[in-house]
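Here's the letter readout for the chains.
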Amino acid sequence: MIRIYKRLLLAATFAGWLFAFLGPLGTYALFTAHTADGGSSVGTLAVQPPTAVTTAAQAAGALTLTWTASTTAAIRPVTYEIDRSPSGAGTWAAVFTGLSATSQVDTPPADGSYDYRLVTVVGNFSAPAAPVTALSDRTPPTLTTLCNGGACGAGWYRAAVTVATSATDAGSGVASITQTITPGITRTSTGAPISVVLGDGIYTVSYGGADQVGNASGPFSKSDRVDGTHPSSPAGRSATWMARPPPRPRIGSRRAASSGSTPRWRMPSAVSLPSRPLTGSRAWGPWAPCR
């Protein structure tokens, strides 16, 4: 009887080793497990992959991976391996090994999409979970501020001006835009452009934005000066009078002309005349024809 039992035990052990060797060819590995008292039963245990693998993107391109521990950890000591590949490429490289925790932060070398594969490791055996995809984004949004649809100038605006701020982000997308007008106006959107109309006054415009993973751009600031109000006219004068050019100064006074004669100007005694007349003109006298 003892000899038969030993033969059965040897056969079961050999079968367990065979399963352990072939297991990695499937989705899990097998190894032998004996009862504590060395009694009559011999079984096999599957190495299970981690479950509920998730990723969360953070600022500066960081990615946090979390997962639920393999059920194998309740029976045998396990560690975890994290493999990474550019999305869709299938060129896996181990970036972390020997992990005992169920979360890990990874920062890929550049912005873009990556595939991650979590692997349960027991000795020489392993069991990978299904890959998950995550986006690494370390680039903040690009902000643009326009005045009346064009570049904002440094001088005065002679009429009300519309100041509009917008943002673009090729990674995770724009999450928020903030525009603050000093004094007294603050507006925030969840990605849509923001605009405000400024009347007469001097303003400081500050603006900034952030993307979906927390990369921030700004704040930036600029000044806008608006004066669209015409000056008021003096008492008793109309706005039309203010718009007329001033009269030209005259030297001397005009003498009334008699019937049939040419109007003349009387030159004041304080005005000095040239020592000789201009070429082709007649001699100077007390009176000269009105030009």
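Residue positions are given per chain, counting from 1 as you read along its sequence in written order. Predicted model: local features are reported for residues with pLDDT of at least 70 only, side-chain atom pairs are reported and counted for 80 or more only, and whole-chain, interface and lining totals are derived from all residues. Side-chain descriptors were evaluated using all non-hydrogen atoms of the structure, hydrogens and water having been removed beforehand.

Caption draft 1: Broad picture of the pattern of salt bridges. Here a salt bridge means any side-chain nitrogen of Lys or Arg lying within 4 Å of a carboxyl oxygen belonging to Asp or Glu. Per the counting criterion, the structure on display carries four salt bridges. A salt bridge links Asp 83 to Arg 117, with the nearest nitrogen and oxygen atoms 2.9 Å apart. Of this pair, Asp 83 sits in strand E5 (residues 79-86) while Arg 117 sits in strand E8 (residues 112-122), and the two are 34 residues apart along the sequence. Classification of residues uses two cut-offs on accessible area relative to the type maximum, computed with a 1.4 Å probe and protein chains only: under 20% is buried, over 50% is exposed, and between them is partly exposed. According to the relative accessible area criterion, Asp 83 is buried, its value standing at 4%. Here Asp 224 ties to Lys 222 by a salt bridge, and the two come within 2.5 Å at their closest N and O atoms. Each helix is a run of H or I in the DSSP string that is no shorter than four residues. Each strand is a run of E no shorter than two, and both are numbered from the N terminus.

Caption draft 2: Seen up close, the sheet that holds strand E4 (residues 63-68). Overall, antiparallel pairing links the three strands, which are arranged E3-E4-E7 in an open sheet. Strand pairing shows two members of the sheet lacking a second neighbour, strand E3 (51-57) and strand E7 (103-106), which therefore form its edges. The mean angle between the axes of side-by-side strands here comes to 20°, regardless of whether they run parallel or antiparallel. In the sheet, E3 pairs with E4 via five bridges, with the strands oriented antiparallel. Note on E4: the bridge partner recorded for Thr 54 is Thr 66. Strands qualify as paired when DSSP identifies two bridges or more between them. Axes, fitted as lines to C-alpha atoms, cover a helix only where it is in contact. Angles between the N-to-C directions of the axes lie from 0 to 180 degrees.

Caption draft 3: Highlighting the environment of Val 161. Tracing the chain through its elements places Val 161 in strand E13 (residues 161-168). Classification of Val 161 as buried rests on a relative accessible area of 0%. Taking the C-alpha atoms as reference points, Val 161 and Val 196, separated by 35 residues in sequence, lie 8.3 Å from one another. Whether two residues are in contact is decided by their heavy atoms: any pair within 4.5 Å suffices. Among residues more than four places away in sequence, those in contact with Val 161 are Cys 147, Asn 148, Val 196, Val 197, Leu 198 and Val 226.

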